[in-house]
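So you can see what is in the structure, the chains are spelled out below.
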Amino acid sequence: MTPLLTVEDLRVSFPTQTGTVDAVRGVSFTLGRERLGIVGESGSGKSQTGRAIMGLTPSQAEVRAKKLLFGDMDLLAMPPKERRLLRGKRLAMILQDPKYSLNPVMTIGRQIVETLKTHERISSKDARTRVLQMLEAVQINDPKRVFDLYPHEVSGGMGQRAMIAMMLVCGPDLLIADEPTSALDVTVQLEVLAILDKLVSERGMGLIFVSHDLRLVSTFCDRVLVMYAGRVVEELSSAALEQAHHPYTQGLLNCLPRIGSHRHPLPVLERQKEWAE
Amino acid sequence: MTAALSIRDMLVMYEDFAALNRVSLDVNFGESFGIVGESGSGKSTLLRATTGLASFQSGSLTVNGRSYSGRKRDKEFYRTVQMVFQDPYGSLHPRQTVDRLLLEPLTIHGFDNVDARIARALDEVGLGSGFRFRYSHQLSGGQRQRIAIARALIVEPKILLLDEPTSALDASIQAEILNLLEQARRDRNLTFVMVSHDLGVISHMCERLTVMKSGEAVETVPVEALEKRQLSAEYTRQLMVASEGFRRD
Ligand SMILES: Nc1ncnc2c1ncn2[C@@H]1O[C@H](COP(=O)(O)OP(=O)(O)OP(=O)(O)O)[C@@H](O)[C@H]1O
Ligand SMILES: Nc1ncnc2c1ncn2[C@@H]1O[C@H](COP(=O)(O)OP(=O)(O)OP(=O)(O)O)[C@@H](O)[C@H]1O
Ligand SMILES: [Mg+2]
Ligand SMILES: [Mg+2]
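Residues numbered from 1 in each chain as written. Chains lettered and ligands numbered in written order. Predicted model: local features only at pLDDT ≥ 70, side-chain atom pairs only at ≥ 80, totals over all residues. Heavy atoms only, no water.

Going by what an unreviewed UniProt entry lists, chain B is known as Glutathione import ATP-binding protein GsiA and is assigned to Pseudorhizobium tarimense. What UniProt states about chain B under its Subunit (unreviewed entry) heading is, verbatim, "The complex is composed of two ATP-binding proteins (GsiA), two transmembrane proteins (GsiC and GsiD) and a solute-binding protein (GsiB)." According to UniProt, the comment filed for chain B under the heading Catalytic activity (unreviewed entry) is "glutathione(out) + ATP + H2O = glutathione(in) + ADP + phosphate + H(+)". (UniProt positions renumbered as here; feature names shortened; annotations may be inferred.)

As recorded in an unreviewed UniProt entry, chain A goes by Peptide/nickel transport system ATP-binding protein and comes from Pseudorhizobium tarimense. What UniProt states about chain A under its Sequence similarities (unreviewed entry) heading is, verbatim, "Belongs to the ABC transporter superfamily." In the Subcellular location (unreviewed entry) part of its UniProt record, chain A is described as follows: "Cell inner membrane".

Asks: Can you help me understand the sheet that holds strand 3 (residues 35–40) of chain A in this one?
Replies: In a beta sheet, neighbouring strands are held together by backbone hydrogen bonds and run either parallel or antiparallel to one another. Residues and elements named next belong to chain A. Read across the open sheet, the six strands follow the order 7-8-9-3-10-11; overall the sheet is mixed. The open sheet has two edge strands, strand 7 (91–94) and strand 11 (231–237), and neither has a second partner. Sheet twist, expressed as the average angle between the axes of neighbouring strands with direction ignored, equals 15°. Here strand 3 pairs with strand 9 (residues 206–210) via four bridges, running parallel. Bridge pairing in strand 9 places leucine 36 opposite isoleucine 208. Contacting strand 3, strand 8 (174–178) and strand 9, helix 8 (residues 186–203) runs over the sheet at an angle of about 150° to strand 9. (Pairing = 2+ DSSP bridges. Helix = DSSP H or I, 4+ residues; strand = E, 2+ residues; numbered from the N terminus. Axes fitted to C-alpha atoms, helices over the stretch in contact; angles between N-to-C directions. Contact = heavy atoms within 4.5 Å.)

Asks: Help me understand the pairing of strand 3 (residues 32–37) of chain B, please; the structure alone is not making it clear to me.
Replies: Looking along a regular strand, one sees the side chains alternate between the two faces of the sheet. Residues and elements named next belong to chain B. For strand 3, the tally of buried residues reaches six of six residues, placing the bulk of the element in the interior. Burial along strand 3 is two-sided: Ser32, Gly34 and Val36 facing one way and Phe33, Ile35 and Gly37 facing the other are all buried. Across four bridges, strand 3 lies against strand 8 (residues 191–195) in parallel orientation. Across the sheet, glycine 34 pairs through a bridge with methionine 194, a residue of strand 8. Sheet topology places strand 3 next to strand 9 (residues 208–213); five bridges connect them, and they run parallel. Bridged to isoleucine 35 within strand 9 is threonine 210. (Buried < 20%, exposed > 50% of the residue type's maximum accessible area, 1.4 Å probe, protein only.)

Asks: In this structure, what is going on with the side chain of serine 39 of chain B? I would like to understand it.
Replies: For serine 39 of chain B, the position within the fold is in the loop between strand 3 and helix 1 (43–51). Overall, the relative accessible area of 14% leaves serine 39 of chain B in the buried class. A distance of 3.0 Å separates polar atoms of two side chains, one belonging to serine 39 of chain B and the other to arginine 161 of chain A. (Polar contact = N/O pair within 3.5 Å; in protein donor to acceptor, adjacent residues only side chain to side chain.)

Asks: In this structure, what is going on with the packing of aromatic side chains? I would like to understand it.
Replies: Geometrically, a pair of aromatic rings is defined through the distance of the ring centres and the angle of the planes. For the structure shown, the criterion picks out seven aromatic pairs over all chains. Grouping aromatic residues by their ring pairs yields a cluster made of Phe209 and Phe220 of chain A together with Phe246 of chain B. The lysine or arginine in question, arginine 128 of chain A, covers the ring of phenylalanine 147 of chain A, its NZ or CZ lying 4.4 Å from the ring centre. Just above the ring of phenylalanine 192 of chain B sits the side chain of arginine 185 of chain B; from NZ or CZ to the centre is 5.9 Å. (Phe/Tyr/Trp six-rings, centres within 6.5 Å; stacked < 30°, edge-to-face > 60°. Lys NZ or Arg CZ within 6 Å of the ring centre and 35° of its normal.)

Asks: Can you help me understand the site of ligand 1 in this one?
Replies: Surveying the vicinity of ligand 1 reveals 20 residues, the closest of which are Ser42, Gly43, Lys46, Ser47 and Gln96 of chain A. The site occupied by ligand 1 is bordered by residues of chains A and B. Between ligand 1 and lysine 46 of chain A there is a distance of 2.8 Å, counted from an oxygen atom to a side-chain nitrogen or oxygen. Between ligand 1 and the protein, one listed contact pairs an oxygen atom with a backbone N or O atom of glutamine 138 of chain B at 3.2 Å. Elements that contribute at least two residues to the shell around ligand 1 include exactly strand 1 (5–16), strand 2 (19–31) and helix 1 (46–54) of chain A together with helix 5 (141–153) of chain B. Considering only residue class, the shell around ligand 1 consists of three nonpolar, 14 polar and three charged. (Near = heavy atom within 4 Å. Nonpolar A, V, L, I, M, F, W, Y, C, P; charged D, E, K, R; others polar.)

What follows is the structure in structure tokens.
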């Protein structure tokens, strides 16, 4: 069976005044209808990997890959217009910075309605109903009130859930969720994960879950890629996370603060040069 | 002991919705105080109303012995209180260099030796001088949050309000930033008010915490209550269970 997504030797680089920044340096993986986690420290290239798959890389950057296939469609060879149509409908990404991705001058409800209408023929009344249902599905308590609020009028977590609702409303085949729950409190976090989980198991959606939260990733995903300095340094099944042997992964696990363990200062990673090789 | 921060019956209304419903809180000098609560419960509103980013309609606010109301805050206030925001993307102007971002508060408050101060601030948050002339949109989330912390510390405040300072960061950077904050607190005798969803973080960083729900402060306890699981609010108990990870049933 063709995988949902094939990524081979993906590279993203930014020209800057002080030289080229290689944000992604040869990432390869395939994804089926499963939950794949990507963890790694800040700046390791997780978001840029997701953005490159989506075609949302900033214009000044260069994206190269031996293969970047969605099903058997070559994403890099596809005309921009086709790729835009794919985005939102079959491929969706919950961006890490929800406040930036929501349009500040349009109410939350309007934007989700517009997204839906771009991709589906649907009456305004039906669209409104679907959007209210979606807002409710992402555990927004008072969907009717939130529908009419502007992005700056909602809390961080509500903005993030509005974003999630917007990305899910068209029912994508592949969802890249970049830190989708980091602004949510843990109880809501688990509810949102349950929604994503259901989409994977019932609709066969493929999910790339980007997170720095190892505990969450290990309990939620099937497989985990650990990224460091633009590369994948280790691939693990989530159940085996605790047995990770890369010192970087071990270090990540060890530096979490826990209730009742008093370690001041917290252990931090001693980064080794050879990890970035 | 005088309170660093004293809030009495603070009310914040948005039309007829009470985002903050008569909340009272006292934070002592040198203390590290945690705030937890579900999304939308009013945690950010509490900090925003304190710093004048949102207006409060009734109640009182005393900081370092001075009273404030509405949204008006004087220069003295911002010398005493600085805030680090939840969202490292929104809080820094994307088209400014790190240098400009750090220079601005120094200029506002009339500091001398700005060059040395900027260099030291970058060093303190673990970013080399190579970052000084980068634009903030060229930085990753964690790098931005360090700049936001540097920017808050650079005017030598007494009280730091931290709104989810590490929720957008990975574990290793979180550990570094928490250590950095603790070190800064010790060195400068800072008072912290810290919002977090992560009970591990609160338990590590704070001495007391308040639990918020629907705009109200429902419970204030010493952090030991987390270890002993002596919590009465239902939400706090859910939070304890949830912090163990995802369960598929
Ligand atoms: N516009 C840009 N110009 C230059 N470098 C950039 C730009 N955008 C990102 N980078 C660099 O690319 C690298 C990877 O960034 P990316 O946003 O993918 O990190 P991340 O793993 O998502 O980190 P975080 O956990 O902090 O979100 C970083 O070193 C970052 O500084
Ligand atoms: N400018 C505004 N206009 C209308 N409602 C607002 C405004 N600002 C905040 N609110 C409402 O106040 C409530 C509390 O928001 P707040 O940002 O304080 O929540 P929070 O506890 O910080 O949540 P989170 O954990 O998601 O960040 C929310 O219901 C939000 O919609
Ligand atoms: Mg990122
Ligand atoms: Mg908040």
